Amino acid sequence: PKILSFDPISNGQTNVNPEVNTLTIYFDRPLDSDVGPLPPEITPFVLSATVGEDRRTLIAKLKLKPATEYNLDLPMGFAMSTNGYFMAPLELPFKTLAIQK
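Residues numbered from 1 in each chain as written. Predicted model: local features only at pLDDT ≥ 70, side-chain atom pairs only at ≥ 80, totals over all residues. Heavy atoms only, no water.

## Some details on the nonpolar core
With 25 residues, the main nonpolar core has Ile 9, Leu 23, Phe 45, Leu 62, Leu 64, Leu 72 and Phe 94 as its most contacted residues. Excluding anything up to four places from it in sequence, Phe 94 contacts Ile 9, Ser 10, Gln 13, Val 16, Phe 45, Leu 64, Thr 68, Glu 69 and Tyr 70. (Core = buried A, V, L, I, M, F, W, Y, C linked by side-chain atoms within 4.5 Å. Buried < 20%, exposed > 50% of the residue type's maximum accessible area, 1.4 Å probe, protein only. Contact = heavy atoms within 4.5 Å.)

The structure is reproduced here in structure tokens:
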């Protein structure tokens, strides 16, 4: 499956609100309902990842900190289309804003 877009975070974005708690990844074809285990290097900020009801989205629950650089890195095959094709590796670097007091 090919990734079409991300919401509300974009690739390389440097002004992500640290209060964002969900990232939706949109695909060009339906996904199988099962996804692989979360890689240990992303589990401090990705709490879970599930396939959406429409089967064309992957929904990641996030816990972000202010003024922090992240890289959402999912391996090849983390998700698979309903016709048996593996998702290509995903790398989504981004940075959260500092909280102003």
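## Topic: unusual backbone geometry
In this model, Asp 7 is joined to Pro 8 through a cis peptide bond whose omega is 5°. By the element assignment, Pro 8 lies in the loop between strand E1 (3-7) and strand E2 (22-27). (Helix = DSSP H or I, 4+ residues; strand = E, 2+ residues; numbered from the N terminus.)

## Structural notes on the pattern of salt bridges
Side chains that differ in charge, positive against negative, can pair when their charged atoms come close. Applying the stated criterion to the full structure yields 1 salt bridge. A salt bridge links Asp 28 to Arg 29, with the nearest nitrogen and oxygen atoms 3.3 Å apart. With relative accessibility at 30%, the residue Arg 29 sits in the partly exposed group. (Salt bridge = Lys/Arg side-chain N within 4 Å of Asp/Glu carboxyl O.)

## Focus: the side chain of Gln 13
Its place among the elements puts Gln 13 in the loop between E1 and E2. By relative accessible area, which is 18% here, Gln 13 ends up buried. A polar atom in the side chain of Gln 13 sits 2.9 Å from the backbone nitrogen of Ser 10. (Polar contact = N/O pair within 3.5 Å; in protein donor to acceptor, adjacent residues only side chain to side chain.)

## So, the side chain of Thr 24
Looking at the secondary structure, you find Thr 24 in strand E2. Those residues in contact with Thr 24, other than ones at most four positions away along the chain, are Ser 5, Phe 6, Asp 7, Thr 57, Leu 58 and Ile 59.

## Observations concerning empty space enclosed by the protein
This structure, assessed with the given rule, holds 1 cavity of 30 Å³ or more. One number sums up the size of the largest cavity: a volume of about 30 Å³. Lining the largest cavity are Ile 25, Leu 38, Val 46, Ala 49, Leu 58, Ala 60, Leu 72 and Leu 74. Only strand E3 (46-51), strand E4 (57-62) and strand E5 (69-74) provide two or more residues apiece to the lining of the largest cavity. In terms of residue class, the lining of the largest cavity is made up of 8 nonpolar, no polar and no charged. (1 Å grid on protein atoms, 1.4 Å probe; cavity = no way out; pocket = protein on both sides within 12 Å on 5 of 7 lines; lining within 4 Å. Points joined across faces, edges and corners; volume = space filled by probe spheres on them. Nonpolar A, V, L, I, M, F, W, Y, C, P; charged D, E, K, R; others polar.)

## Focus: the sheet that holds E1
Here 4 strands make up an open sheet; going across it, the order is E1-E2-E4-E3 and the pairing antiparallel. Both edges of this open sheet fall to E1 and E3, since each of them pairs with a single strand only. Across the sheet, the mean angle separating the axes of adjacent strands is 15° when strand polarity is ignored. Of the pairings in the sheet, the one linking E2 to E4 comprises 5 bridges and is antiparallel in character. Paired with Leu 23 across the strands is Ala 60, a residue of E4. (Pairing = 2+ DSSP bridges. Axes fitted to C-alpha atoms, helices over the stretch in contact; angles between N-to-C directions.)

This is a description of form; function is not addressed.
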